[in-house]
Every structure is written in C-alpha cells, then in structure tokens.
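# Structural features, examined
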Amino acid sequence: MLLSTVKICLVLALLAGFLRATSLLGERGRLGAEVLRKAVHVGLGAACLTFPWVFSSVFELAALFIGVLALLLAVRSVPLLRAKYGGGLYGVKRDSVGDLLFGLSVFLLFVYAQDGPALYVLPLLILTLSDSAAALAGVHFGRHSFEVPAGWKSWEGTIVFCVVTVLLSLLVLGLLTDAGPARIICIALLLGLVGCLVEAVSWHGWDNLFVPLGMHLLLGGLLAKSPQNLALTLLFLVGVIVCIRKLSRFGELTVHALIAAAIAAFFFWETGGPLWLAGPFIVFVCHVLLACLQGGEDEYGIGAVLSVVSCGIAWLFVGRHTQYHYAFLLFVLSMAIHLQIMVLLRIRSLREKPAEYPLVLAVSFFSGWMFMPVLLLAYETGTANILLYASCLAIMAGGGVLFRVRGESCGGGRWFQQTFYAMAGSILGLVPVWILAR
C-alpha cells in the first residue's frame, strides 16, 4: 500500500513539474502554441507507455487517474494554476476536452489490454505520435481542408496520420507479436486507414478517446484473423472508401458525414457481417438515388449519419452480447423506418405539403419491402416469421398515421426526432416477436 502511494504521488509530482516546464517554455516564446501542446501530448504519452511495468494493478492506476483528473480540472478551472501550469495545454485557443480524455484512454487501455503488450503499446503510440504528427502537419503544411463541427481539418494531416500509424504498426507488431509478415502488413494498413478516418471524424478532443480505444478493439479482432481474411477486409475497406468518394457528389453529404459513413460501413462489416451492413447500405443508396432525382437540398452533416447508425449499433450490441435471435429483425425495422421518413420528407419537399395518409401507407409498405430480401436471407420463411414481417409493416404504417410521420419533421431537431421514431418503432417490434415467436 505504501509503495503504491509513493508511486502515485511521484507520478503526480512529475506531471506537475512537466506542466510547469512546458508553461515556462511557452512564456519565453521558445515554441509555438501548437508545437508546445503536442510536446505535452508526446511527453505524457511516452510516460504512460511505462505504466504496465510500473503499476501492478488496476486499482493503482484508478487512483492515479483520479489524481490526474483532479490536477487537470484544477489547472483548467483556477486562473492562477492555469497561468502557472496550463501554458502548454491551453496555449491553443480551442474548445477541447482532449486533456481529460487522454487520461481516461490510458486507464481503459490498461484495464482491457491484459492479453498482450501490443494491445496497450500500439494504440497509445498511435494516440501519442500519429495524432501529434497529423496536427503539426495540418498546421504547417495543410492546404486542402474540410469542415468539422469545431472548425477545420486538413487532408494533409489525415494522410500523415495514416502513414505514421502504418509505420508504428509495422514496428510494434513485428517486435511484440508472432504474426507473420503478410498479416502484419495487412493489419498495419487497416489500422492506418481506419485510424485516420476516426481521427478525421472526431472533434473537441474526442479523438483522444475514440482513436486509442478504436485501435485497441480493432487490433484485438484483426490479430485473430487469417491472412486471407485480413486481405479481404482490407479490400472491403478500400472499396468502401472509393465507393463513398465516387458517390459524394450525388449524396448531399458533407465530407465529415461521408467519412463517418465509411467508418460505420466498416464497423457493421467487421462486427456484424455482410447482412448487418446491408440495412445501412440500402438506406444510403436510396438516399443517393433520391438526392439525384430531386436535388436542391442542403448538405447533410454528421448528424444524419449518426441518426441512422445509432439504432443499428444498439441492436447490433444486443445481438452480439445476448445472442437474441430477433435482434437483426428489429435492426432492419429501424432501418426501414429511417427510409420511410426520408422518403416522406422528400415528398413533402417536392409537393410543399405533407403526404396524405394513403400515401403514407404506400411509402410505409414500399420502405418495408425494400428490406425483405435481407430478412429472407437471415430467417426461415415459416408462417410465424411471415406474420412477424407483416407486423413490422403494420408498425410502420400505424406509426406513420397515428403519430403523423408524414414528412412534417424537418426543423432543427429532425435527426433527433428521426432517431426517436426509428428506435421507438423497433422496440415496439418486440411485442409481435414476443407473441409470435415464443
């Protein structure tokens, strides 16, 4: 107990001293604000790499995390401490919670990376070095930018993130795993591509959480794959990126939203398989076709993508962790409701009035039948399942009529409303499942 306390206090003292030293460098103008911020980032990451060999239990690191969090919150909140210790962290005028999420990521990696040092070291190195290199490349060499909710990011920085991640992956996997060269190369390329997409789509410092945890989860799955499966996964990811890039001019989605769509497609493929990807793919293709036929809409941001995939992620989580047989059916129902609302909104925009109830019924049945081939591949064509499909169509039609989902929800809260309708409708689908599938 005494030794643990000494180690924790020593690390906190070293952290305070490091923050003070970087603040002094900032006060004297030795380094630019962005360079200084990333110097802090790299220094903290390098120190955290030693934690699996310094701390022997999760409880020790939990106590350290609480202490670090308290220190950072004090530096953030107290003007005197911010001036004395926060020059390196807060010299860049940016609304970010990255400093707090950095410590949380290290703690979670320590907890979940007990199966091998690569699962801790590589995600932390990517967070430390790839992210810093991308930020500095974007600041000094960025010429081609795209908008995110907190400002702008550059394609140059995204490419640098990918290259550095690939190189780090080749080095760490070669030293810390027994994987063969072909597997290492495929894994490195996948980590580089997925990592730079996740970093590009994150804002307000959330990349400090999403990047390391995403890399950790992805790496754990990829290390269990054969070289052939890894090559297939890599080809799929490249295909998704190329496909979405080609369709971008037709889809009325921002670059930020398109990147999020690529990540979502890879997530459903990697976690659920082709059938789980089919639902979001149908929604995306129908959206592109509707945009091509009608056009004239403003660009959709990342809220549109998050609205559609959030319901799917929830049901995928249920299906994976409970083995619930009909989770996929309820997932497809949520996708069909999204498509139903999208078509009704397009009709409203085209006709400048909400759809009449007979038209709502027609759109409901059309949207539901678009997903019927997917359901027929997933389930047997017995009487109970046919009745379940009919019940799902009835839920969509009834919801469209009773709750006036006629293309009227197009204000600022549209995506929240659409998510609510899709999730509520899919949860309502539990009733016929419970009645007919017992």
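Anything mentioned here points back to the structure above.
The text that follows walks through the structure, step by step, so that each part is easy to find. (Residues numbered from 1 in each chain as written. Predicted model: local features only at pLDDT ≥ 70, side-chain atom pairs only at ≥ 80, totals over all residues. Heavy atoms only, no water.)

## A look at the overall build of the protein chain
- When its secondary structure is counted, the protein chain shows 21 helices and 2 strands.
- Partitioning the contacts of the protein chain with sequence separation of at least 6, the portion at a separation of at least 24 is 79%.
- Only carbon and sulfur atoms are counted for the fraction: they give 71% of the accessible area of the protein chain, which is about 20800 Å². (Helix = DSSP H or I, 4+ residues; strand = E, 2+ residues; numbered from the N terminus. Contact = heavy atoms within 4.5 Å. Areas by Shrake-Rupley, 256 points an atom, 1.4 Å probe, with all protein chains shown as cover.)

## A few points about the nonpolar core
- Ranked by size, the top nonpolar core spans 119 residues in total, and within it F51, Y120 and L329 carry the most contacts.
- Sort the elements by how many residues they give to this core and helix α16 (residues 327–351) lands first, with 16 residues.
- Ignoring anything within four residues of it in the chain, the contact list for L329 reads L375, Y379, L388, Y389, C392 and V433. (Core = buried A, V, L, I, M, F, W, Y, C linked by side-chain atoms within 4.5 Å. Buried < 20%, exposed > 50% of the residue type's maximum accessible area, 1.4 Å probe, protein only.)

## Considering the environment of L222
- As for its placement among the helices and strands, L222 is situated in helix α11 (residues 207–222).
- In this structure L222 comes out as buried when scored by relative accessible area, which is 0%.
- Counting along the chain gives 36 residues from L222 to C186, while the straight-line C-alpha distance between them is 9.1 Å.
- For L222, the residues in contact, after removing those within four places along its chain, are R183, I187, L190, L191, L230 and E270.

## Considerations on the pattern of salt bridges
- A complete count under the given rule lists 2 salt bridges for this structure.
- One salt bridge in this structure joins E60 and K7, with 3.6 Å as the shortest N-O distance. Here E60 is found in helix α4 (residues 58–77), whereas its partner K7 is found in helix α1 (residues 2–27), with 53 residues between them in sequence.
- Assessed through its relative accessible area of 8%, E60 is described here as buried.
- Linking E270 and K225 is a salt bridge whose minimum nitrogen-to-oxygen distance equals 3.7 Å. Here the residue E270 occupies a position in helix α13 (residues 255–271), and K225 occupies one in the loop between α11 and α12 (227–251), the gap between them amounting to 45 residues. (Salt bridge = Lys/Arg side-chain N within 4 Å of Asp/Glu carboxyl O.)

## Quick notes on the packing of aromatic side chains
- Per the counting criterion, the structure on display carries 11 aromatic pairs.
- Both rings, one in F65 and one in F107, keep their centres 5.7 Å apart while their planes meet at 15 degrees; by these two values the pair is stacked. Note that F65 is positioned in helix α4 and F107 in helix α7 (residues 98–112), a separation of 42 residues in sequence. Of the two residues, F65 and F107, both sit in the buried class.
- Ring centres of F268 and F331 lie 5.9 Å apart, and the angle between their planes is 40 degrees; this geometry places the pair in the tilted category. Of this pair, F268 sits in helix α13 while F331 is found in helix α16, placing the two residues 63 residues apart along the sequence. Taken as a pair, F268 and F331 share a single burial class, namely buried. (Phe/Tyr/Trp six-rings, centres within 6.5 Å; stacked < 30°, edge-to-face > 60°.)

## Considerations on a nonpolar patch on the surface
- On the surface, a nonpolar cluster with roughly 520 Å² of combined accessible area is contributed by I159, V163, L167, L170, I185 and L189.
- Among the secondary structure elements, those contributing two or more residues to the nonpolar patch are α9 (155–176) and α10 (181–201).
- Looking at the nonpolar patch element by element, the count peaks at 4 residues for α9.
- In this fold, L167 is placed in helix α9.
- Judged by relative accessible area, L167 falls into the exposed class, the value being 54%. (Patch = residues over 30% accessible without salt bridge, like charges linked within 9 Å, V, L, I, M, F, W, Y side chains within 5 Å.)

## Overview of α10
- Here α10 contains 21 residues, and its C-alpha end-to-end distance of 30 Å stays within 8% of the 30 Å for a straight helix at 1.5 Å per residue.
- Within α10, 16 of the 21 residues are buried, leaving the element largely enclosed by the surrounding structure. (Expected span 1.5 Å × (residues − 1).)

## Regarding helix α15 (residues 302–322)
- The end-to-end C-alpha separation of α15 is 29 Å, in line with the 30 Å expected for 21 residues at 1.5 Å each.
- Of all the bends found along α15, the most pronounced is centred on V309 and spans about 30 degrees.
- Residues of α15 that are buried: I302, A304, V305, S307, V308, V309, C311, G312, W315, L316 and G319.
- Looking one or two residues past α15, Q323 carries a phi angle of roughly 55 degrees, positive in sign. (Bend = angle between axes of the 7 residues up to and from the residue.)

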